[in-house]
Number of protein chains: 2
Amino acid sequence: MKRVLMCVAYDGTNYSGFQAQDNADTIEGQLNKALSALYKAPIEVIGASRTDAGVHGLCNMVVFDMPARMPAEKVSFAINPLLPEDISIVWSKEVSDDFHPRHMLTAKTYEYHIYNDEFMPPTKRLYTYKVNRPLDEKLMDQAGKILVGEHDFKSFCSVNTTATTTVRNIISVDVRREGKEVIISVCGNGFLYNMVRIIAGTLIEVGYGKRNISDVENILKACDRTKAGPTAPACGLILSKFEFLE
Amino acid sequence: MKRVLMCVAYDGTNYSGFQAQDNADTIEGQLNKALSALYKAPIEVIGASRTDAGVHGLCNMVVFDMPARMPAEKVSFAINPLLPEDISIVWSKEVSDDFHPRHMLTAKTYEYHIYNDEFMPPTKRLYTYKVNRPLDEKLMDQAGKILVGEHDFKSFCSVNTTATTTVRNIISVDVRREGKEVIISVCGNGFLYNMVRIIAGTLIEVGYGKRNISDVENILKACDRTKAGPTAPACGLILSKFEFLE
């Protein structure tokens, strides 16, 4: 048995999130189904990031133990024709038998895409969140920098969390504009439930002047979810970069 | 009765093209249904461009005669909540009673979007066509310029056309690269059936070296559809700009 690591890209629009569930269509469920069909044996992948319903991925990571002699690099070519067109394996490679994608030190980057105009073309609706009010992306960028470093992010975590600690390390927050799109890019070792979407919802309020930079400092200190902005919708979020640091 | 002109944006993925058909879901059919529901009277729009199944639009134009006293500018706000989320009215305004969008001199720009890489993220699949082989967009741009002007575009027209003449005037052809995307932009007064998709299919062959610039001159002169490249898939095409010139 070889352990195979795969990089997975997906359009999350039509799925109930990454993690396998009974009676719901998920990315992980589709991967398990396709791999089990390919190898004619029940296979369950172990995923790195359990992205929410509607969230997209360019590079989530999964491992599985392959009950065949196929070269690990060829797995992506064998499995892609068996997957629906909104899920695709970018590459596959062999890793050590004890490699576990959730037990590694990682740097993950999520991007939150905002369409900042009164009218959003329907071709953007699945991948961007429309904000009518003009956003000052430079102010948002400054406010985002407050969050960089190791902090207790309890204010930026859904109350439905099951995490044992709400301390996380954020490596960078950058906000840029590309035409009518404003993109919030957050890199960290790990994230709490809904964390990037709550950061986005808060920075959007900074962008249109409802909150200022010292408000963001106070929200972080408060360790109280009710102090931060709303959870921005799932469609704007994409897991865009994933590095194993070990 | 006021005649109202509306600018319509749509994601064509789930429709059998723009033009209304029995037993098929179309953009025009959805507009007729929503307007008829709003005004409680049967309404049929007249559309400017009959885009194909799967082709997208940022700015197609339609007119209809409004059996109500509503200000024409307000129609877009009234109708959008009645339309599916993949069709949206950008604006609406009053025009003269005899305004007909297909009897006007127009300049329309279509963009053809190519994803030029071996791997295309699933989030791009509905709006770009993947070409694995590296494309030289500068060569494609030079070859595209051959087509500018008034010519008989019979070589670039589907044999299924019903047009009485295959002479058309192309105002500009520009090919640019934006990262992994190569975008072919074609502006003209009017287009033949599948014309931009056949131009795209031909310029792609120039881009990877199967044809050169003098081949494109010869294809144009030949007035023979079999000489040109294939019809590129609908998903990559979007009607991106529309001007009435009178």
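For the structure itself, consult the block above.
Residues numbered from 1 in each chain as written. Chains lettered and ligands numbered in written order. Predicted model: local features only at pLDDT ≥ 70, side-chain atom pairs only at ≥ 80, totals over all residues. Heavy atoms only, no water.

**Q** Break down the interface of chain B and chain A for me, with residues and values.
**A** Where the parts come together, the accessible area they lose is often given as the size of the interface. In this assembly, 19 residues from chain B lie in contact with 19 residues from chain A. Roughly 1,500 Å² of surface becomes buried between chain B and chain A when both sides are summed, with 70% attributable to carbon and sulfur atoms. Taken as a group, F119, T123 and R125 of chain B account for 38% of the area that chain B buries against chain A, more than any other trio of residues on that side. Put simply, chain B and chain A have four salt bridges between them. Note that R125 of chain A and E85 of chain B form a salt bridge whose closest N and O atoms lie 3.6 Å from each other. Inspection of the chain B/chain A interface yields two residue pairs in polar contact (both at pLDDT 80 or more). Those elements that place two or more of their residues in the side of chain B that touches chain A are strand 1 (2–10), strand 3 (56–66) and strand 4 (87–95) of chain B. (Contact = heavy atoms within 4.5 Å. Buried area = accessible area lost by both parts, 1.4 Å probe. Salt bridge = Lys/Arg side-chain N within 4 Å of Asp/Glu carboxyl O. Polar contact = N/O pair within 3.5 Å; in protein donor to acceptor, adjacent residues only side chain to side chain. Helix = DSSP H or I, 4+ residues; strand = E, 2+ residues; numbered from the N terminus.)

**Q** Residues and numbers for the pairing of strand 5 (residues 106–115) of chain A, please.
**A** All names here are of chain A. Within strand 5, 10 of the 10 residues are buried, which leaves it mostly tucked inside the rest of the structure. The alternating pattern of strand 5 places T106, K108, Y110, Y112 and I114 on one face and A107, T109, E111, H113 and Y115 on the opposite face, and all of these are buried. Strand direction decides the pairing type here: strand 5 and strand 9 (residues 181–188), joined by eight bridges, are antiparallel. Pairing of I114 across the sheet is with V182, part of strand 9. As judged from the two bridges shared by strand 5 and strand 6 (residues 129–130), these two strands associate in the parallel manner. Of the residues in strand 6, the one forming a bridge with Y115 is K130. (Buried < 20%, exposed > 50% of the residue type's maximum accessible area, 1.4 Å probe, protein only. Pairing = 2+ DSSP bridges.)

**Q** Provide a residue-level description of the relation of the copies chain B and chain A, including the pertinent values.
**A** Relating one copy of the chain to the other requires a rotation about an axis plus a shift along that axis. Rotating chain B by 180° about the axis while translating it 0.0 Å along that axis superimposes it on chain A, leaving an RMSD of 0.0 Å. The superposition operator between the copies reduces to a two-fold rotation axis. The fraction of interface residues of chain B whose copies in chain A are also interface residues reaches 100%, indicating that both copies meet through the same surface. (Least-squares fit on C-alpha atoms with pLDDT ≥ 70 in both.)

**Q** Which residues make up the environment of P67 of chain B, and what values go with them?
**A** All names here are of chain B. Residue position: P67 is located in the loop between strand 3 and helix 2 (75–79). The spacing of P67 and N169 is 102 residues in sequence and 37 Å in space, taken between C-alpha atoms. Once you skip the residues sitting within four places of it in the chain, P67 turns out to touch M1, Y39, A41 and I43.

**Q** For the pattern of salt bridges, give the residues involved together with the corresponding values.
**A** Residue and element names in this part refer to chain B. In total, this model carries 26 salt bridges over all chains according to the counting rule given. Where K180 meets D117, a salt bridge forms, and the shortest distance between an N and an O atom there is 3.1 Å. Taken together, the residues span a long stretch of sequence, with K180 in the loop between strand 8 (167–178) and strand 9 (181–188) and D117 in the loop between strand 5 (106–115) and strand 6 (129–130) at a distance of 63 residues. Since its relative accessible area comes to 43%, K180 is described here as partly exposed. Given a relative accessible area of 22%, D117 falls into the partly exposed group. The closest approach of N and O atoms between K145 and D174, which form a salt bridge, is 2.9 Å. With K145 in helix 3 (residues 137–145) and D174 in strand 8, this residue pair connects regions lying 29 residues apart in the sequence. Given a relative accessible area of 37%, K145 falls into the partly exposed group. You can call D174 partly exposed: its relative accessible area is 37%.

**Q** Could you give me a rundown of the nonpolar core, with the residues and numbers involved?
**A** Of all hydrophobic cores here, the largest spans 46 residues; its most connected members are I114, M140, F156 and I184 of chain A. Of the residues forming this core, the biggest block, eight residues, is contributed by helix 4 (residues 195–207) of chain A. For I114 of chain A, the residues in contact, after removing those within four places along its chain, are T128, Y129, V131, L135, M140, K180, E181, V182, I184 and I204 of chain A. In this structure, I114, A143, F156 and L237 of chain B belong to the second largest nonpolar core, which totals 45 residues. (Core = buried A, V, L, I, M, F, W, Y, C linked by side-chain atoms within 4.5 Å.)

**Q** Let's hear about the packing of helix 3 (residues 137–145) of chain A against helix 4 of chain A: which residues, and what values?
**A** All names here are of chain A. At a minimum axis distance of 8 Å, the contact between helix 3 and helix 4 shows a crossing angle of 135°. By the angle between their axes, helix 3 is oblique relative to helix 4. Viewed along their axes, helix 3 and helix 4 form a crossing whose handedness is right-handed. Contacts from L139, M140, A143 and G144 of helix 3 reach helix 4 at L203, I204, V206 and G207. (Axes fitted to C-alpha atoms, helices over the stretch in contact; angles between N-to-C directions. Parallel < 35°, antiparallel > 145°, perpendicular 65-115°, else oblique. Left-handed = near helix turned anticlockwise from the far one by under 90°.)

**Q** So what's going on with a negative patch on the surface? Which residues, and what values?
**A** Among the surface-exposed residues, E73, E94, D97 and D98 of chain A lie close enough to one another that they form a single negatively charged patch. Along the chain, the position of D98 of chain A falls in the loop between strand 4 (87–95) and strand 5. (Patch = residues over 30% accessible without salt bridge, like charges linked within 9 Å, V, L, I, M, F, W, Y side chains within 5 Å. Areas by Shrake-Rupley, 256 points an atom, 1.4 Å probe, with all protein chains shown as cover. Lys, Arg positive; Asp, Glu negative; His and termini not counted. Charge placed at Lys NZ, Arg CZ, Asp CG, Glu CD.)

**Q** Help me get a handle on the pairing of strand 10 (residues 237–244) of chain B, residues and values and all.
**A** Residues and elements named next belong to chain B. One ladder, built from two bridges, connects strand 3 with strand 10; its direction is parallel. Bridge pairing in strand 10 places G57 opposite L239. In terms of strand pairing, strand 5 meets strand 10 through seven bridges, oriented antiparallel. For Y110, the partnering residue across the bridge sits in strand 10 and is L239.

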